[in-house]
Amino acid sequence: MRAQSARFSFLLKIGATAALVTAFTWLFPNNIEGVGIGIFGLAWLLAVILARPAVRHSRLDIATALSLAGIFCLALAYDPRPLPLFLFLCALSIATLLPRTAAFDDAWRWTIRLMLHGATGVIKPIADLIRLLAIRPRGKRRTLKSLIGILALPLFGTLLFTILFANANPLIADALDQIALPSPGKLFEWTFVTFLVWPMLRPHRIVTRLKIPDPAIELPGTSLPSALIALTLFNLLFAVENGLDIVFLWNNAALPNGMSMADYAHRGAYPLIATALLAGLFVLTMLRPGTASAANPWARRLVALWVAQNIFLVASSALRTIDYVEAYELTAWRIAALLWMALVAIGLILICWRLWMARSARWLINANALATALVLVPCCFLDLNASAAQWNVRHAREVGGASQAIDLCYLRGLGAPALLPLIELEHRALSPELADRVRYVRADILASLARKQAHWWSWSVHDALRLGTARRLLGPDPQQPLNPKPGYGRTCNGTIGAPPILTEAPAQ
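Residues numbered from 1 in each chain as written. Predicted model: local features only at pLDDT ≥ 70, side-chain atom pairs only at ≥ 80, totals over all residues. Heavy atoms only, no water.

1. A few points about the overall build of the protein chain
Now for step 1: The helix and strand inventory of the protein chain stands at 21 helices and two strands.
Now for step 2: Taken over 508 residues, the protein chain has a buried fraction of 39%.
Now for step 3: Partitioning the contacts of the protein chain with sequence separation of at least 6, the portion at a separation of at least 24 is 72%.
Now for step 4: On the protein chain, roughly 29,000 Å² of surface is accessible, and the fraction owed to carbon and sulfur atoms is 68%. (Helix = DSSP H or I, 4+ residues; strand = E, 2+ residues; numbered from the N terminus. Buried < 20%, exposed > 50% of the residue type's maximum accessible area, 1.4 Å probe, protein only. Contact = heavy atoms within 4.5 Å. Areas by Shrake-Rupley, 256 points an atom, 1.4 Å probe, with all protein chains shown as cover.)

2. Section: the packing of helix α11 (residues 224-250) against helix α14 (residues 297-327)
Now for step 1: Between α11 and α14, whose axes approach to 9 Å, the crossing angle comes to 30°. Of the possible angle classes, the one that applies to α11 and α14 is roughly parallel. Note on packing geometry: the crossing formed by α11 with α14 is left-handed. (Axes fitted to C-alpha atoms, helices over the stretch in contact; angles between N-to-C directions. Parallel < 35°, antiparallel > 145°, perpendicular 65-115°, else oblique. Left-handed = near helix turned anticlockwise from the far one by under 90°.)

3. Things to note about helix α19 (residues 419-426)
Now for step 1: A large share of α19 lies buried, amounting to six of its eight residues.
Now for step 2: Among the residues making up α19, those that are buried are L419, P421, L422, I423, L425 and E426.
Now for step 3: Buried residues in α19 make contact with α17 (384-394), α18 (408-414), α20 (432-453) and α21 (461-474).

4. A word on the state of the cysteines
Where two cysteines share a covalent bond between their sulfur atoms, that bond is called a disulfide.
Now for step 1: Within the structure shown, the criterion is met by one disulfide.
Now for step 2: Disulfide pairing places C409 opposite C492 at an S-S distance of 1.8 Å. Because the sign of the S-S torsion sets the handedness, a value of about 70° for the bond joining C409 and C492 places this disulfide among the right-handed ones. Here the residue C409 occupies a position in helix α18, and C492 occupies one in the loop between β1 (489-490) and β2 (496-497), the gap between them amounting to 83 residues.
Now for step 3: Looking at the unpaired C380, the closest cysteine sulfur is the one in C379, lying at 7.4 Å.
Now for step 4: The class of C380 is buried, set by a relative accessible area of 0%. (Disulfide = S-S within 2.5 Å.)

5. Focus: a nonpolar patch on the surface
Now for step 1: There is a patch of nonpolar side chains on the surface, built from L68, I71, L74 and F381 and spanning about 340 Å² of accessible area.
Now for step 2: Mapped onto the fold, I71 is located in helix α3 (residues 60-78).
Now for step 3: The exposure class assigned to I71 is partly exposed, which follows from its relative accessible area of 34%. (Patch = residues over 30% accessible without salt bridge, like charges linked within 9 Å, V, L, I, M, F, W, Y side chains within 5 Å. Salt bridge = Lys/Arg side-chain N within 4 Å of Asp/Glu carboxyl O.)

6. Some words on the pattern of salt bridges
Now for step 1: Applying the stated rule across the entire model yields 13 salt bridges.
Now for step 2: Across the salt bridge formed by R442 and E426, the nearest N and O atoms sit 2.9 Å from each other. In this pair, R442 is assigned in helix α20 and E426 in helix α19, connecting sequence segments 16 residues apart. Of the two residues, R442 and E426, both sit in the buried class.
Now for step 3: Note that R490 is salt-bridged to D436, the shortest N-O span being 2.8 Å. Of this pair, R490 sits in strand β1 while D436 sits in helix α20, and the two are 54 residues apart along the sequence. Comparing R490 with D436 shows no difference in burial state: the two are buried.
Now for step 4: When salt bridges that share partners are traced, they join D383, K452, D463 and R466 into one network.

7. A few points about the side chain of S458
Now for step 1: Checked against the element boundaries, S458 lands in the loop between α20 and α21.
Now for step 2: You can call S458 buried: its relative accessible area is 3%.
Now for step 3: Excluding residues that lie within four positions of it along the chain, S458 makes contacts with E33, G34, K452 and Q453.

8. As for the environment of L236
Now for step 1: Of note, L236 is situated in helix α11.
Now for step 2: Residues L236 and W306, spaced 70 residues apart in sequence, show a C-alpha to C-alpha distance of 9.3 Å.

9. Comments concerning the nonpolar core
Now for step 1: Judged by nonpolar contacts, the single largest core of 37 residues is most densely connected at F40, W44, V48, F88, L92 and V197.
Now for step 2: The dominant element in this core, judged by the number of residues it contributes, is α3, at eight residues.
Now for step 3: Not counting the four nearest positions on each side in its chain, F88 is found in contact with G41, W44, A69, F72, C73 and L76.
Now for step 4: L330, A388, L414 and Y440 belong to the second largest nonpolar core, which has 33 residues in total. (Core = buried A, V, L, I, M, F, W, Y, C linked by side-chain atoms within 4.5 Å.)

Below, the structure is given as structure tokens:
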């Protein structure tokens, strides 16, 4: 009975994989884009629930992982982007692995398990196929290997006679020509989807059976005297850096000749974040709970002071980034950098809290993972590129802002996220030349978005709402850009350029 149940479960997983491969081929006839990504993710999630009964157990951690995977499916259907896709794969992988564990233990072990799951997923379909072909018959029960032995001669003979009849009878040859065989590209697509889907239905056992040790890093020379001397020197060094930031960055003191505030701000933002991360690593290794250094009152005070200085350092890095944005422009990566700086500051606070409250490494890792999730999950539904374009339009020099001139090439490169900000800019009082360039870039993005939304396989909820809002703001008869003279073209920022002057090659 148990063998029959296992055989039925295996066949069910094969059927689910075949159905998902078929759905993938139908949803993405050209490119992997549009609302189909969310639909395929939902179908994948339902296939895992159907083909793996263990995930239907009434456990809170499994239900939470499945619910998160469903939320990320909605995010992918609304606006397909890499972040919700990555989080969906993580949530679905956790949901399919959790039944083989007692419970969710900590984010450190699950990070290792997810990496192992991804690595073993490449070989799992091959291993299962080899195992299936290597099964020996038991009694009179037929296996795939024995079935191939029975059908080899009939199939080979039928194929041979079909080829001979096709050469002898043109009607049979014409009928065979009508059969469209899959192209190598289509075969590669089917193989790719199979290798992607199958490990979720049959994950490798080593992923959950491997013993993962607790994260413990201990540096040489971290005795109590060494830790006190190091913390004292680090505090003095950081006090010098923070003092210079207070003078020049926070109080806008005059910088040395040849250095602008933008240079000062941009040059130090990311190295200072790396410095703060390194400082956090030092605290974790030098003052682990239970050691003499962690119990010493002076060491604890010096650590608290150093963490406070590092938090101020992170704040200075954020201010440097903000100053640079005000001097130039905002991008999605700079928004992400500011969010990352906030997470670094939270991590430093949690490190200090762990030391004072004698918390475990597991608590620290889970707390940081939770803080990261609270930042990343809302970002799945926020368009950072649109926010950056909105800020740049409202703070451009042409509309009275303190930032630099509007970069229409950058906005055009953003595509659909820049459409509504460009329409807002088009309605502002601009010079005729700039207004024409804005209309050209806006019209180009609008036409591209309309073409994309005209096909169901590239349609998405977010872009449909964006297109509807744009058409409502522009009205039934939007003003069009000027038509260049024959032979003239437009650059990426909408400027009308003269055709290149062709010169005759010198006579040889």
